[in-house]
Amino acid sequence: RGRELARRGGYRRGSDELEARARQDVVARLKALPGFAAATRLVPARARAAAYRRLGMLPTVARRRAELSPPPMRDETRRELAAYFRPHNQRLARFLGWDLTHWNVEG
């Protein structure tokens, strides 16, 4: 079930939040421009949504997204965490009746 949830995008919340924060930072700069807030009220919601999607493609947003992204985890840290959480993951797997062996990969 855990793998299925991951496949369906159930674990994407962190990346979605990161995307939203990067976009909010850029939008905050735009809102600081005189008359921007008043102008956005005149734009239909669908057009605003399309503009926000395009905004996500801007290099500025990509740069901000990269700044907000955490650095890659060191292999040593990943191994230590996997070893620490292995017994907890096994107990949870037994309790739920799920196969969570993919959680114990030490990468």
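Quick caveat, the model's predicted, so the values are computed rather than measured.

Peer 1: Help me understand the environment of Phe-85 in this model?
Peer 2: With respect to the helices, strands and loops of the structure, Phe-85 is situated in helix α6 (residues 75-96). The exposure class of Phe-85 is partly exposed, given its relative accessible area of 40%. Residues Phe-85 and Asn-104, 19 residues apart in the sequence, show an inter-C-alpha distance of 7.8 Å.

Peer 1: What am I meant to see in a nonpolar patch on the surface here?
Peer 2: A cluster of nonpolar residues, Leu-92, Phe-95, Leu-96, Trp-98 and Trp-103, forms a patch on the protein surface that exposes about 500 Å² of accessible area. Relative to the helices and strands, Phe-95 resides in helix α6. A relative accessible area of 71% means that Phe-95 is categorised as exposed.

Peer 1: Sorry if this is basic, but what is going on with the side chain of Asn-89 here?
Peer 2: Take Asn-89: it is sitting in helix α6. Residue contacts for Asn-89: discarding those within four places in its chain leaves Leu-100, Trp-103 and Asn-104.

Peer 1: Would you mind going over the pattern of salt bridges with me for this structure?
Peer 2: Oppositely charged side chains can pair when the atoms bearing their charge come close. Counted under the stated rule, the structure contains 1 salt bridge. Close ionic contact of Glu-76 with Arg-74 constitutes a salt bridge, the shortest N to O distance being 3.5 Å.

Peer 1: Just to check I follow, could you spell out the nonpolar core for this structure?
Peer 2: Nonpolar side chains in soluble globular proteins tend to end up buried together. Counting residues in each nonpolar core, the largest one holds 7 residues, listed as Leu-18, Ala-22, Val-26, Val-27, Leu-55, Val-61 and Leu-68. Elements supplying a minimum of two residues to this core: α2 (13-31) and α5 (59-68). With 4 residues, α2 is the largest single contributor of residues to this core. Other than its neighbours up to four places away in sequence, Leu-68 contacts Leu-18, Arg-21, Ala-22 and Asp-25.

Peer 1: For this particular structure, what's the right way to read the packing of aromatic side chains?
Peer 2: Using the criterion set out here, one finds 1 aromatic pair in the structure. Ring geometry for Tyr-84 against Phe-85: centres 4.8 Å apart, planes inclined by 90 degrees, an arrangement best described as edge-to-face. Among the residues examined, Tyr-84 registers a relative accessible area of 52% and is labelled exposed.

About the criteria used
The residue numbers shown here count from 1 along each chain, following its written sequence. Confidence filtering applies because this is a predicted model: local features only for residues at pLDDT of at least 70, side-chain atom pairs given and counted only at 80 or more, and all residues used for totals across whole chains, interfaces and linings. As a rule here, side-chain values cover all heavy atoms of the structure and leave hydrogens and water aside. For helices the rule is a DSSP run of H or I covering at least 4 residues; for strands it is a run of E covering at least 2, with both sets numbered from the N terminus onward. The buried label applies to any residue whose accessible area, calculated with a 1.4 Å probe on protein chains only, is under 20% of its type's maximum; exposed applies above 50%, and partly exposed to all values in between. Here the term patch refers to residues with relative accessible area over 30% and no salt bridge, with like charges joined within 9 Å and nonpolar side chains (Val, Leu, Ile, Met, Phe, Trp, Tyr) within 5 Å. Note on areas: these come from Shrake-Rupley sampling with a 1.4 Å probe, and a residue is covered only by the protein chains present in the view. One side-chain nitrogen of Lys or Arg within 4 Å of one carboxyl oxygen of Asp or Glu is enough to make a salt bridge. Every residue pair with non-hydrogen atoms within 4.5 Å of one another is taken to be in contact. To qualify as a nonpolar core, a set must consist of buried Ala, Val, Leu, Ile, Met, Phe, Trp, Tyr and Cys residues joined through side-chain atoms within 4.5 Å. Geometry of aromatic contacts follows a simple scheme: Phe, Tyr and Trp rings, the Trp one being its six-membered ring, pair when their centres are within 6.5 Å, and the pair is stacked under 30 degrees between planes, edge-to-face over 60, tilted otherwise.

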